[in-house]
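# Coordinate inspection notes
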Amino acid sequence: MAFISSGYNPQKPMEGRITDIGPQKYDSMFPPVIAKNFGKWLYHEILEPGMLMHVAESGDKVYTVRCAGTRTMSITAIREVCDIADKYTGGYVRWTTRNNIEFITDSLETAKALRDDLNSRKFEAGSNKFPVGGTGAGISNPVHTQGWLHCHTPATDSTGPVKVVMDTLFEEFKNMRLPAPVRISLACCINMCGAVHCSDIGLVGIHRKPPMIDHKWADKLCEIPLAVAACPMAAVRPTKVDFEGKKVNSIAIKEDRCMYCGNCYTMCPALPIADKEGDGIAIMVGGKVSNRMTFPKFSKVVVAYIPNEPSRWPTLTATVKKIVDTYAANARKYERLGDWAERVGWQDFFKLTGLTFTHHLIDDFRDPAYYTWRQSTQFKF
Ligand code: SF4
Ligand code: SF4
């Protein structure tokens with residue numbers, strides 16, 4: 001397409017420059033009934049999966065219809081969301097902290113019509129565009145990351161695994177029949193962008209081989225001390241190597257100290273680490289962020305490695321489903337997955353889910369690892 005200027009002048013880049021204006025004020029896009037009752041809500045009810053009612057002191061009622069968003073969306077899809085909002089809710093719409101979409105109306109009839117309309121919309125291939133659900137004790141949207149779509153450090157994809165996991169657990173998105181909500185999150189590397197470290201089920205991309213070292217470029221592309229300091233295991237050190245008849249400053253990695261975190265690659269482009277057969281996904285469970293009943297918890301690794309199996313990741317989806325089903329069958333009402341696992345004991349978590357306990361799951365990272373071992377005779381055979 002031919003170049004079309006926005007009015008920006010590259011000869012005078014600072015001229016007419018607007019900066020530090022921040023986002024639009026949060027209340028500038030409030031639906032009128034929200035603006036009117038702001039801070040004056042009395043109670044709420046979940047009328048059915050995906051539909052909430054909030055009642056204000058004034059007696060005003062608002063109905064919220066929540067539907068899934070794919071998070072990665074085309075402008076075409078967002079325009080369709082806007083069309084729906086124009087048709088039913090006066091042009092107002094909001095996104096949730098789990099990237100679902102909520103439409104708010106003050107009429108129950110409108111909410112029901114909206115629900116049916118959202119549920120009827122499909123992509124050409126058959127997937128629901130905006131399935132209604134995600135409330136109460138079910139499985140809402142997985143918080144996820146960039147994957148092979150955009151990031152350079154992933155060990156797995158993001159949108160792909162999330163799609164197949166939610167295909168497998170779609171009934172739990174549309175229902176509220178679990179003991180408590182189950183939060184699923186995915187990060188494509190152990191940077192853990194997002195919420196994997198504090199989710200009921202966390203899926204995280206991992207490597208199993210040390211980085212390759214591009215001696216030709218290491219000293220040219222990298223600030224070598226940063227790569228040294230990036231390593232949690234002190235496996236990286238500076239060195240001189242013979243490269244094409246010349247002595248060059250480069251990097252050496254002690255492979256028996258490396259646990260393939262990929263941090264040094266984040267710092268230094270000359271240390272690529274991704275590997276088709278080596279890379280895969282670890283599953284963590286039992287995290288939560290709320291203070292309800294028990295303190296917030298980190299999630300814990302229960303499956304050290306599942307291979308990447310694009311495009312449907314069958315081993316991953318089957319394992320996640322097994323964990324969810326076992327939790328649903330065994331936990332008490334209000335027990336989050338971590339509350340349940342800690343009550344019955346992790347040995348019973350493994351027994352009930354049938355997951356294999358491997359030595360990889362035993363913490364061996366620095367002094368705090370000791371506190372994860374069992375300093376008690378209390379356990380179940
Ligand atoms: S989790 Fe890692 S690979 Fe995924 S977006 Fe974040 S930094 Fe990139
Ligand atoms: S991948 Fe991680 S553990 Fe291995 S050398 Fe790089 S920073 Fe160290």
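Before reading on, note that the structure itself is shown above.
Cut-offs used in this document
Residues numbered from 1 in each chain as written. Chains lettered and ligands numbered in written order. Predicted model: local features only at pLDDT ≥ 70, side-chain atom pairs only at ≥ 80, totals over all residues. Heavy atoms only, no water. Helix = DSSP H or I, 4+ residues; strand = E, 2+ residues; numbered from the N terminus. Buried < 20%, exposed > 50% of the residue type's maximum accessible area, 1.4 Å probe, protein only. Contact = heavy atoms within 4.5 Å. Areas by Shrake-Rupley, 256 points an atom, 1.4 Å probe, with all protein chains shown as cover. Lys, Arg positive; Asp, Glu negative; His and termini not counted. Charge placed at Lys NZ, Arg CZ, Asp CG, Glu CD. Pairing = 2+ DSSP bridges. Axes fitted to C-alpha atoms, helices over the stretch in contact; angles between N-to-C directions. Near = heavy atom within 4 Å. Nonpolar A, V, L, I, M, F, W, Y, C, P; charged D, E, K, R; others polar. Patch = residues over 30% accessible without salt bridge, like charges linked within 9 Å, V, L, I, M, F, W, Y side chains within 5 Å. Salt bridge = Lys/Arg side-chain N within 4 Å of Asp/Glu carboxyl O. Disulfide = S-S within 2.5 Å.

Turning our eyes to something else, we now look at the overall build of the protein. Broken down by element type, the protein carries 11 helices and 11 strands. By its C-alpha atoms, the protein is 80 × 75 × 40 Å across when sized along the principal axes. Among the 381 residues that make up the protein, the fraction classed as buried is 42%. Long-range pairs, those at least 24 residues apart, make up 64% of the contacts in the protein with a sequence separation of at least 6. Total accessible area on the protein stands at roughly 21,700 Å², and carbon and sulfur atoms take up 56% of it. For the protein, the distance from the average site of its 47 positive side-chain charges to the average site of its 40 negative ones is 3 Å.

In this section: the sheet that holds strand β3 (residues 61-67). Overall, antiparallel pairing links the 5 strands, which are arranged β1-β2-β3-β5-β4 in an open sheet. One side of each edge strand has no neighbouring strand; the edge strands of this open sheet are β1 (41-48) and β4 (94-95). Inspection of the sheet shows β3 paired to strand β5 (residues 101-105) by 5 bridges, in the antiparallel sense. Paired with Cys67 across the strands is Ile101, a residue of β5. The sheet contacts of helix α3 (residues 108-120) involve β1, β2 (51-56), β3 and β5, and relative to β3 the element is tilted by about 5°.

Let us look at the site of ligand 1. Neighbouring ligand 1 are the residues Thr145, Gln146, Cys151, Thr153, Pro154, Ala187, Cys188, Cys189, Asn191 and Cys193. A breakdown of the residues in the shell around ligand 1 according to their chemical character gives 6 nonpolar, 4 polar and no charged.

Near ligand 2 lie 14 residues; those nearest to it are Cys231, Cys258, Cys261, Gly262 and Cys264. Within the shell around ligand 2, the residues separate by chemical class into 12 nonpolar, 2 polar and no charged.

With that out of the way, let us pick up the sheet that holds strand β7 (residues 201-206). On the basis of which strands lie adjacent, the open sheet formed by 4 strands has the order β6-β7-β10-β11 and mixed pairing. Each edge of the open sheet is held by one strand with a lone partner, namely β6 (184-187) and β11 (300-307). Adjacent strand axes in the sheet meet at a mean angle of 20°, parallel and antiparallel pairs treated alike. Across 4 bridges, the pairing between β6 and β7 is parallel. Bridging from a neighbouring strand, Ile184 pairs with Ile201 of β7. This element, helix α11 (residues 346-353), spans β10 (280-285) and β11 of the sheet and lies at about 35° to β11.

A grouping of Phe357, Ile362, Tyr370, Tyr371 and Trp373 is seen on the molecular surface, where their side chains present a nonpolar patch of about 600 Å² in accessible area. Mapped onto the fold, Tyr371 is located in the segment after α11. Using a relative accessible area of 65% as the deciding quantity, one classes Tyr371 as exposed.

One pass over the structure, following the stated rule, counts 24 salt bridges. Across the pair Glu102 and Arg94 runs a salt bridge whose closest N-O atoms are separated by 2.4 Å. You can call Glu102 buried: its relative accessible area is 5%. Residue class for Arg94 comes out partly exposed when judged on its relative accessible area of 38%. Linking Asp348 and Lys351 is a salt bridge whose minimum nitrogen-to-oxygen distance equals 3.9 Å. Here Asp348 pairs with Lys351, and both are found in helix α11, just 3 residues apart, close to one helical turn. Classification of Asp348 by relative accessible area gives buried; the value is 12%. Within the structure, one salt-bridge network assembled from shared partners comprises Glu80, Lys87, Asp117, Arg121 and Lys129.

Before going further, it helps to examine the state of the cysteines. Inspection of the entire model under this criterion finds 1 disulfide. The disulfide bridge from Cys222 ends at Cys268, spanning 2.0 Å between sulfur atoms. Looking down the S-S bond of the Cys222 and Cys268 bridge, the torsion is 70°, so its handedness is right-handed. Of this pair, Cys222 sits in the loop between α6 (218-221) and α7 (224-229) while Cys268 sits in the loop between α8 (263-267) and β10; the two residues are 46 residues apart in sequence, bridging distant segments of the chain. The burial state of Cys222 is the same as that of Cys268; both residues are buried. Sulfur of Cys82: no disulfide; nearest cysteine sulfur belongs to Cys67 and is 12 Å away. According to the relative accessible area criterion, Cys82 is partly exposed, its value standing at 36%.

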